[in-house]
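# Structural characterization, general
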Amino acid sequence: MAQRALPEGRYGRSGRKPLAKPVRWALLAVAVVVGAVVAFVGYRNLGTKPIEAEQTAFQILDSERLEVTFQVSRDQPERPAVCIIRARSKDGDEAGRREVLVPPGNSTVVETTVVRGSKPPVTGDVFGCSYQVPAYLSTS
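An account of the accompanying structure is given in this report. (Residues numbered from 1 in each chain as written. Predicted model: local features only at pLDDT ≥ 70, side-chain atom pairs only at ≥ 80, totals over all residues. Heavy atoms only, no water.)

Summed over the entire model, instances satisfying the criterion amount to 0 aromatic pairs. Lying over the aromatic face of Tyr131, Arg79 brings its terminal NZ or CZ to 4.4 Å of the ring centre. The aromatic ring of Phe127 is capped on one face by Arg97, whose charged end is 5.0 Å from the ring centroid. (Phe/Tyr/Trp six-rings, centres within 6.5 Å; stacked < 30°, edge-to-face > 60°. Lys NZ or Arg CZ within 6 Å of the ring centre and 35° of its normal.)

Bringing the environment of Ser130 into the picture now. On the secondary structure map, Ser130 appears in strand β6 (residues 121-130). Note: C-alpha distance between Ser130 and Cys83 (47 residues apart in sequence) is 6.5 Å. (Helix = DSSP H or I, 4+ residues; strand = E, 2+ residues; numbered from the N terminus.)

A word on the state of the cysteines. Tallied over the full model, the rule gives 1 disulfide. Here Cys83 engages in a disulfide with Cys129; their sulfurs sit 2.0 Å apart. Between Cys83 and Cys129 the disulfide shows an S-S torsion of about 110 degrees. By sign, it is right-handed. Taken together, the positions of Cys83 in strand β3 (residues 81-89) and Cys129 in strand β6 put the pair 46 residues apart, joining distant regions of the chain. Exposure class is identical for Cys83 and Cys129. Each is buried. (Disulfide = S-S within 2.5 Å. Buried < 20%, exposed > 50% of the residue type's maximum accessible area, 1.4 Å probe, protein only.)

What follows concerns the pattern of salt bridges. This model, assessed by the stated rule, comprises 8 salt bridges. Between Lys119 and Asp93 there is a salt bridge; the shortest N-O distance is 2.9 Å. Note that Lys119 is positioned in the loop between β5 (108-116) and β6 and Asp93 in the loop between β3 and β4 (94-102), a separation of 26 residues in sequence. Residue classification places Lys119 among the partly exposed residues on the basis of a relative accessible area of 30%. Here Arg97 ties to Glu94 by a salt bridge, and the two come within 3.0 Å at their closest N and O atoms. Judged by relative accessible area, Glu94 falls into the partly exposed class, the value being 36%. (Salt bridge = Lys/Arg side-chain N within 4 Å of Asp/Glu carboxyl O.)

Turning our attention to the sheet that holds strand β1 (residues 51-60). Spatially, β1-β2-β5 is the arrangement adopted by the 3 strands of the open sheet, whose pairing is antiparallel. A single partner strand is all that each edge strand has here, and the edge strands are β1 and β5. Neighbour to neighbour, the strand axes of the sheet diverge by 25 degrees on average, direction disregarded. Note: strand β2 (residues 65-74) against β5, 9 bridges, orientation antiparallel. Note that in β5 the partner of Ser73 across the bridge is Thr108. (Pairing = 2+ DSSP bridges. Axes fitted to C-alpha atoms, helices over the stretch in contact; angles between N-to-C directions.)

Right, let's talk about a nonpolar patch on the surface for a bit. Taken together, the side chains of Val33, Val37, Phe40 and Val41 present a nonpolar region at the surface, about 370 Å² in accessible area. Looking at the element boundaries, Val41 is found in helix α2 (residues 21-46). (Patch = residues over 30% accessible without salt bridge, like charges linked within 9 Å, V, L, I, M, F, W, Y side chains within 5 Å. Areas by Shrake-Rupley, 256 points an atom, 1.4 Å probe, with all protein chains shown as cover.)

In short, shape yes, function no, at least from these values alone.
Pasting the structure below:
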């Protein structure tokens, strides 16, 4: 059976034209750059964190205050850090928060602070820590 030729104006050419070498190299370069960006973002988000903290204990002092004890581990103990500690109410809302300065020292330190809340607190937690200490918290 003979193959019928299709009208060129309606369906285009039947054979594909291969990409030129510069276009292939440009597409390859774009793919490598996109892959590197994805790997970098993944490493930053999923890799080891420079500073981590976890709540180790809490004690309800009264209907407004909560004492929270937390442990901070950091990769640069010579740098000060700041941690945000929260008090949580029964409905899960943030009832209060406090920024705590963690002075330079050991790579792992234990700190205790009191957080005052707007609702009766039922638990406390560490929201996060950073090396970007606000000027109003620094000791220098």
